[in-house]
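Residue-level structural notes
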Amino acid sequence: AEDYSKEENRESRCSLKSWCELNVQRNALLFSFVVLATFVTLCNAQCYFIPNESSASNGCKDLSGVTHELKSDWKTENCESCHCSNDGIECCNTAAIPMGYDRDKCQAVFNKETCTYTVLEKKDPLKNCTVTAWVL
């Protein structure tokens, strides 16, 4: 009877170990999917699309009413990079946006000339704040 309980105990430990390894692998895979989905969402959130009004068009009309030639590229005054195709205009933000900083103590300041953000202390705007994450 003693040999039987030792064998049963060994089998339960082995199956528990396998279950734990499987659980760790599943959690790692789930974490990878969450990280990937987050990056895809953040990247797509910085672009937009304006469909062409007619298929016989020789260009694309932007939100300001300006027509751009087909297959042309340009930058907007809001630091967006745009492209005109037969389907329409796709524009994407080119400025990295600060995300990881203390929003209570700091504020993000945008410079349109350089298309960059600087994160400064609210109480002392001459001091930079630490930023741990940026989104493009």
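In this report, the structure presented in the accompanying data block is examined. (Residues numbered from 1 in each chain as written. Predicted model: local features only at pLDDT ≥ 70, side-chain atom pairs only at ≥ 80, totals over all residues. Heavy atoms only, no water.)

1. Here's the deal with the overall build of the protein chain
Quick reminder of the rule: Numbering of helices and strands runs from the N terminus, with a helix taken as a DSSP run of H or I at least four residues long and a strand as a DSSP run of E at least two residues long. The criterion used for residue contact is that any of the two residues' heavy atoms lie within 4.5 Å.
The helix and strand tally for the protein chain stands at 1 helix and 10 strands. Tracing the protein chain from N to C terminus, the helices and strands come up as α-β-β-β-β-β-β-β-β-β-β. Taking contacts inside the protein chain between residues at least 6 apart in sequence as the whole, the part at least 24 apart equals 38%.

2. Things to note about unusual backbone geometry
In this structure, Cys79 is a non-glycine residue whose phi angle is positive, near 65°. Residue position: Cys79 is located in the loop between β4 (73-75) and β5 (80-84).

3. Some words on the side chain of Asn93
Rule in force here: Throughout this description, buried means an accessible area under 20% of the type-specific maximum (1.4 Å probe, protein chains only), exposed means over 50%, and partly exposed covers the range between.
Within the fold, Asn93 resides in strand β6 (residues 88-93). Judged by its relative accessible area of 16%, Asn93 is buried. Apart from residues no more than four positions distant in its own chain, Asn93 is found in contact with Gln46, Cys79, Glu80 and Leu136.

4. Structural notes on the sheet that holds β4
Working definition: the strands of a sheet are paired by backbone hydrogen bonds and lie parallel or antiparallel to each other. Inclusion rule: Strand pairing is defined by DSSP finding a minimum of two bridges between the two strands. Axis geometry follows a simple rule: fit a line to the C-alpha atoms, using only the stretch in contact for helices, then measure angles between N-to-C directions, giving values from 0 to 180 degrees.
Taken in spatial order, the 4 strands make up an open sheet running β1-β6-β5-β4, and their pairing is antiparallel. Edge positions in the sheet fall to β1 (47-51) and β4, since each has one partner strand and no second. Taking each pair of neighbouring strands and ignoring which way they run, the sheet shows an average axis angle of 20°.

5. So, the packing of aromatic side chains
Stated precisely, the cut-off is as follows: Aromatic pairs are defined between Phe, Tyr and Trp rings, using the six-membered ring for Trp, whenever the two ring centres lie within 6.5 Å; interplanar angles under 30 degrees are classed as stacked, those over 60 as edge-to-face, and all others as tilted.
Applying the stated criterion across every chain, the model contains 1 aromatic pair. Considering the side-chain rings of Phe110 and Tyr117, the 4.7 Å spacing of their centres and the 50° angle between planes classify their relative orientation as tilted.

6. Examining the state of the cysteines
Note the threshold: Counting rule for disulfides: a pair of cysteine sulfur atoms within 2.5 Å.
For the structure shown, the criterion picks out 5 disulfides. The disulfide partner of Cys60 is Cys84, and the gap between their sulfur atoms is 2.0 Å. Looking along the S-S bond of the Cys60-Cys84 disulfide, the torsion reads about 80°, which is the right-handed sense. Here Cys60, found in strand β2 (residues 59-61), pairs with Cys84, found in strand β5; they are 24 residues apart in sequence, far enough to count as distant. Considered together, Cys60 and Cys84 belong to a single accessibility category, that of buried residues. Residue pairing for Cys82: its cysteine sulfur links by disulfide to Cys91, the two sulfurs lying 2.0 Å apart. Given an S-S torsion of about 115°, the disulfide between Cys82 and Cys91 has right-handed geometry. Residue Cys91 is classed as buried on the basis of its relative accessible area, which comes to 2%. The disulfide pattern of the protein chain is 1-7, 2-5, 3-9, 4-6, 8-10 when the bonded cysteines are numbered in sequence order.

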